[in-house]
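For reference, the chains in residue letters:
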Amino acid sequence: MFIGHQAALAAAMAWTTASALWRSLSQFGTAIELNGLKNGLALLFFLPFLFTLPWTDQIGAIVVLLLSGVIGIAAGDSFYLGGLRRLGTQRALTVEAIGPVLASMGGVLMMGDTVRPASWAGALLVSCAVVLVAQQSKASSATNGTAFGLLLCVLAVMCGLSGAFLSRHVLITSSLSPMQTAAIRLLGGWLGLLPLLRGRLCPKHLPKGVVAKVVLATLLGTNLGIVLQQIVFQILPVGQGITLMSTAPVMALFLHRLEGESLQWQGVVAGLLAVSGVGLSSL
């Protein structure tokens with residue numbers, strides 16, 4: 001269990017760092033184009049694991065993981081990037097904060113997970129911390145398409161959770177390793193985006209000077225992040241794992257100085273709530 005907790009927090013840190021990189025790249029393509037680019041690059045690094053798959057022995061599990069990738073990675077990540085562009089960081093993160101609570105409820109209803117009162121309390125505290133961070137964010141929000149942006153963010157949460165439940169089901173019922181399941185999910189996500197990309201595997205206006213930043217963001221947020229996520233889903237109940245990984249926005253507080261923002265009292269309170277929530281979830 002302790003390894004699962006460490007993997008979840010490491011995944012949150014990887015996504016936090018990668019998010020800062022992707023934020024500076026959002027001007028170079030649409031949500032679908034950037035999502036397709038990162039999935040295609042990440043899949044290249046996972047190709048060796050695809051060749052080790054027992055395609056004939058685990059065909060059912062592989063199909064489920066491909067579907068998980070289409071739902072959670074292709075659809076979910078695209079929905080979130082689209083919602084973020086319309087709402088701005090503050091409101092998008094507020095909507096995303098419903099994820100841990102929904103994950104815990106879904107884990108009990110769909111997966112038969114046992115969630116202790118301490119874990120429920122931890123989920124509530126972390127959710128409050130994420131909401132507080134979102135509310136104190138100084139990022140500007142778009143004024144147009146607000147309702148559509150809210151819908152996109154809710155869809156992103158639902159898709160991400162659906163993909164997580166499918167992935168955890170395979171991890172606890174098959175012999176596939178986290179690295180293999182991560183590779184299959186990425187393959188599903190990339191294949192799901194291909195029809196929308198129309199053969200364009202890279203955004204038109206991507207300067208050569210930002211290629212290194214794209215690769216680094218992909219390695220951190222997609223490759224490392226998804227492997228750690230698969231380890232979490234293999235060890236921890238979905239609700240508890242999602243709760244711990246949802247500390248990513250709180251970890252972003254440490255990037256305030258780099259982004260030219262001052263740390264406000266809301267951020268300090270959010271940090272304390274997050275630490276308390278993580279402690280309760282780890283009991």
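Residues numbered from 1 in each chain as written. Predicted model: local features only at pLDDT ≥ 70, side-chain atom pairs only at ≥ 80, totals over all residues. Heavy atoms only, no water.

Visitor: What should I look at first to understand the side chain of Gln-58 in this one?
Guide: Here Gln-58 is to be found in the loop between α2 (31–50) and α3 (59–87). Gln-58 gets classed as buried once you look at its relative accessible area, which sits at 17%. The contact partners of Gln-58, leaving out residues within four places of it in the chain, are Ser-174, Ser-175 and Leu-176. (Helix = DSSP H or I, 4+ residues; strand = E, 2+ residues; numbered from the N terminus. Buried < 20%, exposed > 50% of the residue type's maximum accessible area, 1.4 Å probe, protein only. Contact = heavy atoms within 4.5 Å.)

Visitor: How should the packing of α3 against helix α8 (residues 178–197) be read in this particular structure?
Guide: Relative placement of two packed helices is described by the angle separating their axes and the distance separating the axes. Contact geometry of α3 with α8 gives a least axis separation of 7 Å together with a crossing angle of 55 degrees. It follows from the interaxial angle that α3 and α8 lie oblique. Considering the relative orientation of α3 and α8, their crossing is right-handed. Where α3 abuts α8, its residues Ile-62, Leu-65, Leu-66, Ser-68, Gly-69, Val-70, Gly-72, Ile-73, Ala-74 and Ser-78 lie against Thr-181, Ile-184, Arg-185, Leu-186, Leu-187, Gly-188, Gly-189, Gly-192 and Leu-193. For the contact of α3 with α8, the per-class residue count stands at 10 nonpolar, eight polar and one charged. (Axes fitted to C-alpha atoms, helices over the stretch in contact; angles between N-to-C directions. Parallel < 35°, antiparallel > 145°, perpendicular 65-115°, else oblique. Left-handed = near helix turned anticlockwise from the far one by under 90°. Nonpolar A, V, L, I, M, F, W, Y, C, P; charged D, E, K, R; others polar.)

Visitor: Just to check I follow, could you spell out the environment of Ala-10 for this structure?
Guide: Tracing the sequence through the fold places Ala-10 in helix α1 (residues 2–23). Exposure remark for Ala-10: the relative accessible area of 33% places this residue in the partly exposed category. Ala-10 sits 214 residues away from Leu-224 along the chain, and the two C-alpha atoms are 9.1 Å apart.

Visitor: Just checking my understanding: could you explain the environment of Ala-18 for this structure?
Guide: Within the secondary structure, Ala-18 sits in helix α1. Residue Ala-18 is classed as buried on the basis of its relative accessible area of 3%. In this structure the C-alpha to C-alpha distance between Ala-18 and Thr-222, which are 204 residues apart in sequence, comes to 8.4 Å. Beyond its immediate chain neighbours, meaning those up to four positions away, Ala-18 contacts Ala-217, Leu-220 and Gly-221.

Visitor: Would you mind going over the pattern of salt bridges with me for this structure?
Guide: Where side chains of opposite charge bring their charged atoms close, a pairing between them can arise. Tallied over the entire structure, the rule returns one salt bridge. Note that Lys-38 and Asp-77 form a salt bridge whose closest N and O atoms lie 2.9 Å from each other. One end of the pair, Lys-38, is in helix α2; the other, Asp-77, is in helix α3, with 39 residues separating them in the sequence. The buried category is assigned to Lys-38, whose relative accessible area is 11%. (Salt bridge = Lys/Arg side-chain N within 4 Å of Asp/Glu carboxyl O.)

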